[in-house]
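Notes for the structure review
Take a look at the letters that make up each chain.
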Amino acid sequence: MGHQESLSRIIEEIVVPQAGDVDRSATFPRKAVDALADAGLLALTVPAEYGGGGQDLRAATNVIRQLSTACGSTAMIVMMHYSAVAALTAAESGDVLREIATGRHLSTLAFSEAGSRSHFWAPVSTAIDEGDQVRLDARKSWVTSAGQADSYVWSSRPVAAPGPMTLWLVTTGEAELSIGPEFDGLGLRGNDSRPVTAAGLVVPHSARLGSDGGGLDLALTAVLPWFLLLNAAASVGLMQAVTRETTDHLTRTRLQHLNRSLAGQPESRAILARMRIETDRTAALLDSTLTAMAQERDDAQLLVLEVKAAADRSAAEVADLAMTACGGAAFRKELGIERRFRDSRAARVMAPTTSALLDFVGRALTGLPLLDGPEA
């Protein structure tokens, strides 16, 4: 069975039926994640030399888009896993990649910190050389799959080298790691996003991913493009879902006193048209960005910075329009629109935030460095 056939079956048989309960009870979608692992979809982007699917970023965005049409939480979990795999692949972490390839390992990113908030590029957590080992101390503010993942791709200040960041592979379940209270958020309620604190966590030097002090380069070149495009793909999937649901509602719901459907109202049709145009425009930008990266075009980096910012705004706008078009019915759970409305709010505050990305785009256009150094 090909990965697309497996994905379609899992979405139809597991992800869609459990999406409402995942949202209502803020439950991690373990059954769906296990099914995706068993089908090789968590290993989709692991290089073939490690036993994985060897697929590229375009294939990964397609998976995330389809998952997001059904359940934003499930899409977010897999998105963060694929982003972590990108870091592990760049660092040639063969042992853990082979575990992922067998379907026994879920990973995620642990970048955002209480001390630097959404400025993931400026960790304040520390890594201290203790001879044969390194001591990590940190307060991570938001870690997707915090209580469910098998490993974190973890950022800290360097041990000794210059530079703002070093990355590590941290295995979960250690006594020195404590996980905060269960996530009870506005949207993406099943993604188990929680604070994680390390107090004297000791790891071997071999847990380092890349060079000491080279973590920011690894994050910007290997992880960030995957994170931004996968995030945009999740937004596109959400927009496609609410546009489809709005279309169905407008065509099947009738105004009995006028003897016509809601689709017979010019105002409703105009709103639906705006939703579809914005959805198609965002999907086209995502496709163009993937093509630019594959062709190594000069505008690829700029498009990578643009795509999440554009998709964040578009997803919120389309969800707003769906609520307006469907009226009071959209406030009920049955349509699934209010769930997508809440989920659509998350991307704008997910680091790098929309505001940060707009600044990056402006800097790139004016020839400024993307990041300033720390203030004296």
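Please read all numbers here as calculations on a predicted model, not as lab measurements. (Residues numbered from 1 in each chain as written. Predicted model: local features only at pLDDT ≥ 70, side-chain atom pairs only at ≥ 80, totals over all residues. Heavy atoms only, no water.)

1. Considerations on empty space enclosed by the protein
Where empty space is left can be seen by rolling a probe of water-molecule size over the atoms. One pass over the structure, following the stated rule, counts two cavities of 30 Å³ or more. Size it by volume and the largest cavity reaches roughly 130 Å³. Along the walls of the largest cavity sit 14 residues, with Leu188, Ala234, Ser235, Leu238 and Asp343 positioned nearest its centre. When contributions to the lining of the largest cavity are tallied by element, the ones reaching two or more residues are helix H4 (72-90) and helix H6 (215-252). Of all the elements, H6 adds the most residues to the lining of the largest cavity, at four residues. (1 Å grid on protein atoms, 1.4 Å probe; cavity = no way out; pocket = protein on both sides within 12 Å on 5 of 7 lines; lining within 4 Å. Points joined across faces, edges and corners; volume = space filled by probe spheres on them. Helix = DSSP H or I, 4+ residues; strand = E, 2+ residues; numbered from the N terminus.)

2. Points about helix H5 (residues 94-101)
Burial in H5 covers these residues: Gly94, Val96, Leu97 and Ile100. Down the axis of H5, the buried set is contained in an arc of 165 degrees. They therefore lie on one face. Residue glycine 103 follows H5 closely and has a positive phi angle near 85 degrees. (Buried < 20%, exposed > 50% of the residue type's maximum accessible area, 1.4 Å probe, protein only. Arc of directions from axis to C-beta.)

3. A short note on helix H8 (residues 300-326)
Given a rise of 1.5 Å per residue, 27 residues ought to cover 39 Å, and the 38 Å separating the end C-alpha atoms of H8 matches this to within 8%. Along H8, the helix axis deviates most sharply at glutamate 306, where the bend reaches about 25 degrees. For H8, a buried count of 19 out of 27 residues is recorded, marking the element as mostly surrounded by other parts of the structure. Glycine 327 occupies a position one or two residues after H8 and carries a positive phi of about 60 degrees. (Expected span 1.5 Å × (residues − 1). Bend = angle between axes of the 7 residues up to and from the residue.)

4. Topic: the pairing of strand S4 (residues 151-156)
Successive residues of a regular strand alternate their side chains across the two faces of the sheet. For S4, a buried count of six out of six residues is recorded, marking the element as mostly surrounded by other parts of the structure. Residues of S4 alternate between two faces, with Ser151, Val153 and Ser155 on one and Tyr152, Trp154 and Ser156 on the opposite face, all of them buried. Pairing of strand S1 (residues 107-110) with S4, which is carried by four bridges, proceeds in the parallel orientation. The residue bridging serine 107 from the neighbouring strand is serine 151, located in S4. Looking at chain direction, S4 and strand S5 (residues 166-171) are connected through six bridges and run antiparallel. From the neighbouring strand, serine 156 faces S5, where its bridge partner is threonine 166. (Pairing = 2+ DSSP bridges.)

5. Focus: the sheet that holds strand S6 (residues 177-179)
Spatially, S2-S3-S7-S6 is the arrangement adopted by the four strands of the open sheet, whose pairing is antiparallel. With one partner strand each, in any of the chains shown, strand S2 (126-130) and S6 form the two edges of the open sheet. On average, each strand axis in the sheet is tilted by 10 degrees relative to the strand beside it, whichever way the strands run. Here strand S3 (residues 133-143) runs beside strand S7 (residues 194-204); their pairing, made up of eight bridges, is antiparallel. Its bridge partner being in S7, alanine 138 is matched across the sheet by alanine 198. (Axes fitted to C-alpha atoms, helices over the stretch in contact; angles between N-to-C directions.)

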